[in-house]
Amino acid sequence: MSVRIVPSLLAADFAQLADQIAACEAAGADWLHVDVMDGRFVPPITFGAKIIETVRRLTALPLDVHLMAVEPERHFAEFAAAGANGLTLHAEVAPHLQRQLAHIKEVGCRAGVAINPSTPLSAVSEVLDDVELLLVMTVNPGYGGQRFLPHSLDKVRRARRMLDEARSRAFLEVDGGIARDTIGAVWQAGADTFVAGHAVFSAADPGAEVAALRAACEVKA
Ligand code: DX5
Ligand code: ZN
């Protein structure tokens, strides 16, 4: 199983955005993660289409957009036009999840669904055929730099089993507290796509950190 390392721009220094993205790209980052927060699903407000468009011009890497927003469907078309490659909405604000996932595909993006630490896997179990990426949050969303929640390991294991049993080829992504000391165990538990904000951008050399995270999976695999 291949590993995807996905730096989260939430932790980047926006005064040096172009350089930091270039360093990640040169170090072999697979995608870039863009955290959209609307001040309602989570308290902070972060980015919108303008930033997605800016990042799109700075890199050829796929943009993995994490929508921490209520009524996420209001943004699908705009974000797709701005250059998003994947859109991930939260199951907690998706009463019509099957239709919302179909809508993401209609705008030409990979359809992802995220679940908070307290949300059971059963929230997505009826729509696995429609899911192209399952994001198991390993912290409560809203802020970077939090500690990985240890209970997540077992949840990732169960998510892996659920996807395998459904013969799903969806990516299994984790987000929150992913660093050198946590990534190996999450990889062994069955995740394949790793978002990392603080670990990458608080390092003296973000590019080297991307490589170190990948190596931590390969060593323990
Ligand atoms: C948190 C965001 C994350 C955040 C992760 O709500 O969804 O993508 O950037 O940050 P770290 O890796 O610092 O925990
Ligand atoms: Zn995120």
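Residues numbered from 1 in each chain as written. Chains lettered and ligands numbered in written order. Predicted model: local features only at pLDDT ≥ 70, side-chain atom pairs only at ≥ 80, totals over all residues. Heavy atoms only, no water.

Asker: Please provide a residue-by-residue account of the sheet that holds strand β7 (residues 171-175), values included.
Answerer: Pairing within the open sheet is parallel, and its 8 strands lie in the order β1-β8-β7-β6-β5-β4-β3-β2. The outermost strands of the open sheet, each flanked by one partner alone, are β1 (4-7) and β2 (32-37). The mean inter-strand angle of the sheet, taken between neighbouring strand axes irrespective of direction, is 25°. Sheet topology note: the strand β3 (residues 63-68)/strand β4 (residues 86-90) ladder contains 3 bridges and is parallel. The partner of Val-65 across the bridge, within β4, is Leu-87. Sheet contacts for helix α5 (residues 152-165): β5 (110-115), β6 (133-137) and β7; angle to β6, the most-contacted strand, approximately 165°. (Pairing = 2+ DSSP bridges. Helix = DSSP H or I, 4+ residues; strand = E, 2+ residues; numbered from the N terminus. Axes fitted to C-alpha atoms, helices over the stretch in contact; angles between N-to-C directions. Contact = heavy atoms within 4.5 Å.)

Asker: Residue-level account of the coordination of the zinc ion (ligand 2), with values.
Answerer: Taken together, the protein ligands of the zinc ion (ligand 2) are His-33 (NE2), Asp-35 (OD), His-66 (ND1) and Asp-175 (OD), with distances of 2.1 to 2.3 Å. Each of the 6 donor atoms bound to the zinc ion (ligand 2) contributes to angles spanning 72 to 170°, and the resulting shape is octahedral. On the primary sequence, the residues serving as donors to the zinc ion (ligand 2) are separated as H-x1-D-x30-H-x108-D. Of the two residues, Asp-35 is situated in strand β2 and His-66 in strand β3; the sequence distance between them amounts to 31 residues. There is no split in this pair, since Asp-35 and His-66 are both buried. (Donors = N, O, S within 2.8 Å, 3.2 Å for Na, K, Ca; no water. Tetrahedral: all angles 85-135°; square planar, octahedral: opposite > 155°, others 65-115°. Buried < 20%, exposed > 50% of the residue type's maximum accessible area, 1.4 Å probe, protein only.)

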